[in-house]
Amino acid sequence: MLTTTENYTFPELIAGIQREVQLGVDSPAVQAFAIEITQNQSDKIAAVFNWTRAHMVYQHDPIVDGQESEMLTSPNFQVLDYLKGTAIWEDCDGHAIFNTAIFRCLGMRSHVVIIDQTGGGYDHALCRVYSDIHQKWMYVDSSTDKYPLGWTETSFKEYIVS
């Protein structure tokens, strides 16, 4: 499912993120893909992070009628596009939704986190996953080279999307 709107309220944005993550988790295609991209990898988190960084290109959400719009894409849509040879173009929430769904398909605890990086309001989304290897929660932000895998910044205001 592809959802586009110009003016999400914050509760609608949270509900949309939750819906798209769950659609991904429930998708047999996403479940199989999660296994495929992590097969024979001892560190599943690194495998997902590296795959997403290599295959998903960052792109801002579209401008509709001169205004920024928010577009949320189901991981099912992303996987099917990739399997057809189509490039995956997503902004930060698209990366976060995809990674969260993939980790959940692998039986790992994960969620989307919305953060305020600048003090001006929530302005970025990423995934947080619990690492059994490292025994801690780790941020996974494949949408930018700004943060390495597993950074644990705690000074940001954050909203955890369940």
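Residues numbered from 1 in each chain as written. Predicted model: local features only at pLDDT ≥ 70, side-chain atom pairs only at ≥ 80, totals over all residues. Heavy atoms only, no water.

### As for the overall build of the protein chain
The number of helices and strands found in the protein chain is five helices and 10 strands. For the protein chain, whose C-alpha radius of gyration is 15 Å, the value lies close to the compact-globule estimate of 15 Å for 162 residues. Along the three orthogonal principal directions, the C-alpha set of the protein chain runs to about 45 × 40 × 25 Å. Of all 162 residues assigned to the protein chain, the portion counted as buried reaches 46%. Counting only contacts in the protein chain whose residues sit at least 6 apart along the sequence, the fraction spanning at least 24 positions is 63%. Roughly 8100 Å² of accessible area belongs to the protein chain as shown, and the carbon and sulfur atoms make up 51% of that amount. The centroid of the 10 positive side-chain charges in the protein chain is displaced by 9 Å from the centroid of its 21 negative side-chain charges. (Helix = DSSP H or I, 4+ residues; strand = E, 2+ residues; numbered from the N terminus. Rg over C-alpha atoms; globule rule 2.2 N^0.38 Å. Buried < 20%, exposed > 50% of the residue type's maximum accessible area, 1.4 Å probe, protein only. Contact = heavy atoms within 4.5 Å. Areas by Shrake-Rupley, 256 points an atom, 1.4 Å probe, with all protein chains shown as cover. Lys, Arg positive; Asp, Glu negative; His and termini not counted. Charge placed at Lys NZ, Arg CZ, Asp CG, Glu CD.)

### A few points about the packing of aromatic side chains
A complete count under the given rule lists nine aromatic pairs for this structure. Between Phe 33 and Tyr 82 the ring centres are 5.7 Å apart and the planes differ by 65 degrees, which places this aromatic pair in the edge-to-face class. Pair noted here: Phe 33 is in helix α2 (residues 28-38) and Tyr 82 is in helix α4 (residues 75-83), with a separation of 49 residues, a long-range link. Accessibility expressed as a relative area gives 28% for Tyr 82, which makes it partly exposed. Where Trp 51 meets Tyr 82, the ring centres are 5.0 Å apart and the plane angle is 80 degrees; that geometry is what we call edge-to-face. (Phe/Tyr/Trp six-rings, centres within 6.5 Å; stacked < 30°, edge-to-face > 60°.)

### A few points about the sheet that holds strand β9 (residues 136-140)
Spatially, β9-β8-β7-β10 is the arrangement adopted by the four strands of the open sheet, whose pairing is antiparallel. Every interior strand has two partners, whereas the edge strands, β9 and β10 (157-161), have only one. Going across the sheet, the axis of each strand differs from the next one's by a mean of 35 degrees, ignoring polarity. By the bridge criterion, five bridges tie strand β8 (residues 124-131) to β9 in an arrangement that is antiparallel. What sits directly across from Val 129, in β9, is Met 138. Contacts from helix α1 (residues 10-26) reach β7 (110-116) and β10 within the one sheet, and its direction differs from that of β7 by about 150 degrees. (Pairing = 2+ DSSP bridges. Axes fitted to C-alpha atoms, helices over the stretch in contact; angles between N-to-C directions.)

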